[in-house]
Amino acid sequence: MAAAIHNQDYEYFEVDDDDSESLASAESEDVNYPVERIIAEFVGKNGHVWFLVKWLHCPLIRSSWECTAIFFDIPWILDEWRVEKQKQVEGKSQPLDIA
């Protein structure tokens, strides 16, 4: 099943949630790209939180859904995301439409 991702600031693309391998890891198993920022958040039916991660030096299409554990060594990324979410609540920023 594919979920459409689109926003006025980002190009349209689809995420195939049947694929167990993330798009970022599909490009190269030997390269570890650093996290640039979080661009969306999703809470699963089981309450597990997933973050759509934009990878540094990778196109937006290579973004992938990741769990909180990857931010253990880079907690400022989550802090920046909390600030962005607050801006979205205040209407100062548009959330990425993941519906």
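Calculation notes
- The numbering scheme is per chain: residues are counted from 1 as the chain's sequence reads.
- Where totals are concerned, whole chains, interfaces and linings use all residues; where local detail is concerned, this predicted model gives features only for residues with pLDDT of at least 70, and gives and counts side-chain atom pairs only at 80 or more.
- Only hydrogens and water are set aside; all other atoms, that is, all heavy atoms of the structure, feed into the side-chain values.
- Note on conventions: DSSP H or I runs of at least 4 residues are helices, E runs of at least 2 residues are strands, and numbering of each starts at the N terminus.
- Two N or O atoms form a polar contact when they lie within 3.5 Å of each other; inside protein one atom must be a possible hydrogen donor and the other a possible acceptor, and for residues adjacent in sequence the pair counts only when both atoms belong to side chains.
- In this scheme Phe, Tyr and Trp rings, the latter by its six-membered ring, pair at centre separations within 6.5 Å, and the angle between planes marks the pair as stacked below 30 degrees, edge-to-face above 60, and tilted otherwise.
- Basic side-chain nitrogens of Lys or Arg form a salt bridge, by our definition, when they fall within 4 Å of a carboxyl oxygen of Asp or Glu.
- Residue exposure (1.4 Å probe, protein chains only): buried if accessible area is under 20% of the type maximum, exposed if over 50%, otherwise partly exposed.
- Two strands make a pair as long as DSSP finds a minimum of two bridges between them.
- Each axis is a line fitted through C-alpha atoms, taken for helices only over the stretch in contact, and angles between the N-to-C directions span 0 to 180 degrees.
- Residue contacts are defined here by distance: any two heavy atoms, one from each residue, within 4.5 Å place the two residues in contact.

J.: Mind showing me how you'd approach the side chain of S63 here?
T.: Following the sequence through the fold, S63 ends up in the loop between β4 (49-55) and β5 (64-67). In this structure the side chain of S63 is engaged in a polar contact, spanning 3.4 Å, whose partner is the backbone oxygen of V53.

J.: What is the right way to look at the packing of aromatic side chains in this model?
T.: How two aromatic rings sit relative to each other is given by the distance of their centres and the angle of their planes. With the rule as written, the count across this model stands at two aromatic pairs. Arranged with centres 6.4 Å apart and planes meeting at 70°, the rings of F42 and W65 form a pair that is edge-to-face. In this pair, F42 sits in strand β3 (residues 35-43) while W65 sits in strand β5, placing the two residues 23 residues apart along the sequence. Centroid distance F51 to F71: 5.4 Å. Interplanar angle 90°. Geometry classified as edge-to-face. Within this pair, whereas F51 is found in strand β4, its partner F71 is found in the loop between β5 and α2 (75-89), the two being separated by 20 residues in sequence.

J.: I keep staring at the pattern of salt bridges and nothing clicks. Help me out?
T.: Note on pairing: side chains with opposite charge can pair once their charged atoms come close. This structure, assessed with the given rule, holds five salt bridges. With its nearest N and O atoms 3.1 Å apart, the salt bridge here joins E41 to K85. Of this pair, E41 sits in strand β3 while K85 sits in helix α2, and the two are 44 residues apart along the sequence. For K85, a relative accessible area of 34% gives the class partly exposed. Through salt bridges that share partners, E36, R37 and K54 make up one connected network.

J.: What am I meant to see in the sheet that holds β5 here?
T.: Pairing within the open sheet is antiparallel, and its three strands lie in the order β3-β4-β5. Looking at strand neighbours, the two that pair on one side only are β3 and β5, the edges of this open sheet. Averaged over neighbouring strand pairs, the angle between their axes works out to 40° when direction is ignored. Here β4 pairs with β5 via four bridges, running antiparallel. Note that in β5 the partner of F51 across the bridge is E66. Contacting β3 and β4, α2 crosses the sheet at an angle of about 60° to β3.

J.: Is there a simple way to explain the pairing of β3 in this structure?
T.: Every regular strand shows the same layout, with side chains that alternate between the two sheet faces. Taken together, the seven bridges between β3 and β4 define a ladder with antiparallel strand orientation. Bridging from a neighbouring strand, R37 pairs with K54 of β4. Between β3 and β4, which pair antiparallel one after the other, the connecting turn spans five residues, and G47 there sits at a positive phi close to 85°.

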